[in-house]
Amino acid sequence: MPAATKLIRTRIIAVKNTRKITKAMELVAASKMKRATDAAINSRPYSFAAEEILERLKGKTTVTHSLLREPEAIKNELLIVVTSDRGLCGGLNANIIREALAHLAQQKERGIAVRVVTVGKKGRAPLAKSGAEIIADFTDITQVMDFLKIRPVAQIALEEFKEGRVDQVTALYTEFQSALIQRTMKRTILPLSQRVPEAGAPKLDAPVEYIFEPSPEIVYTQMLPRFLETQVYQAILEAVASEHSARMLAMRNASDAADDISADLTLTYNQARQAG
């Protein structure tokens, strides 16, 4: 009996030590979540404003631009998959990877060749194992949330589409809704003419006549790439906010589970001690 109580006591100490770790990780994730969610939410008005500007300018000029070209058929696609660089965030990465693999299988059945850009360490290995063609991999940029660090992701999409190597660019990421809810989101970001305004974007009012200065060509050339970069940046901000929210919740659940296990072990220890 003394040996049994000693073993139980050792397990209680181990569980309590684990609980200290998960509680500390929960607090760190909560702190990072606050900054990440503020960044994502504060950036949304700019993203919505960019959506509104593009919607307003559609049909206002006959100027053509490579980012607005309508492909006759979708034969090649670029898929941007945004995951986290670290684990311990529940099923967030698993949901994104599952959706990405399903999308690849679906496009393969349609005869569409898909090239992949991965953002975050957790997405590359499973997608590479599935045989996906990964043309670029970005790691650690989600930890900084710097526009200049994220800009190269949009630049790859821009070049692939402008050069005609892909007919469509799709972003797959996790959209932040609340600390408890994160939703897997798949959006077409190129061609810009096929975009669907995001939920929550302001509705357009009465038609307005626009004057382009210095010219529609220059306005489009300067505006459309920035618009694309803004949308990619917003998607990654949403993914980062979702990551920290999911990690905070996962660590809170782990701490609660440790408390339950510790209580059960303490009861068992007392019963064994009394029986001895």
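Check the entry above for the structure.
Parameters at a glance
Residues numbered from 1 in each chain as written. Predicted model: local features only at pLDDT ≥ 70, side-chain atom pairs only at ≥ 80, totals over all residues. Heavy atoms only, no water. Axes fitted to C-alpha atoms, helices over the stretch in contact; angles between N-to-C directions. Helix = DSSP H or I, 4+ residues; strand = E, 2+ residues; numbered from the N terminus. Parallel < 35°, antiparallel > 145°, perpendicular 65-115°, else oblique. Left-handed = near helix turned anticlockwise from the far one by under 90°. Contact = heavy atoms within 4.5 Å. Nonpolar A, V, L, I, M, F, W, Y, C, P; charged D, E, K, R; others polar. Salt bridge = Lys/Arg side-chain N within 4 Å of Asp/Glu carboxyl O. Buried < 20%, exposed > 50% of the residue type's maximum accessible area, 1.4 Å probe, protein only.

**Q** How do you make sense of the packing of helix 4 (residues 147-162) against helix 5 (residues 216-275) when you look at a structure like this?
**A** Relative placement of two packed helices is described by the angle separating their axes and the distance separating the axes. One way to put it is that helix 4 packs onto helix 5 with a least axis distance of 9 Å and a crossing angle of 120 degrees. When the axes of helix 4 and helix 5 are compared, the pair comes out oblique. Crossing of helix 4 over helix 5 shows right-handed handedness. Each of Phe-147, Ile-150, Arg-151, Val-153, Ala-154, Gln-155 and Leu-158 in helix 4 lies in contact with helix 5, whose residues at this interface are Pro-225, Arg-226, Leu-228, Glu-229, Thr-230, Val-232, Tyr-233 and Ile-236. Tallied by class, the residues present in the contact of helix 4 with helix 5 amount to 10 nonpolar, two polar and three charged.

**Q** Would you explain the pattern of salt bridges in this entry?
**A** Pairs may arise between side chains of opposite charge once their charged atoms sit close together. Within the structure shown, the criterion is met by 14 salt bridges. Through salt bridges with shared partners, a single network forms among Arg-115, Glu-133, Glu-160 and Arg-165.

**Q** Help me understand unusual backbone geometry in this model?
**A** A negative phi angle is the norm for most residues apart from glycine, just as the trans form is the norm for most peptide bonds. Residue Pro-191 is bonded to the preceding Leu-190 through a cis peptide linkage, with omega at 0 degrees. Assignment of secondary structure puts Pro-191 in the loop between strand 5 (182-190) and helix 5. Positive phi, close to 60 degrees, is recorded for Leu-88, a residue that is not glycine. Along the chain, Leu-88 falls in the loop between strand 1 (76-82) and helix 2 (92-109). One non-glycine residue with positive phi stands out, namely Asp-140, at about 70 degrees. Inspection of the secondary structure puts Asp-140 in the loop between strand 3 (133-138) and helix 4. Note on Asp-140: relative accessible area 39%, which makes it partly exposed.

Keep in mind that these numbers describe shape and distance, not what the molecule does.
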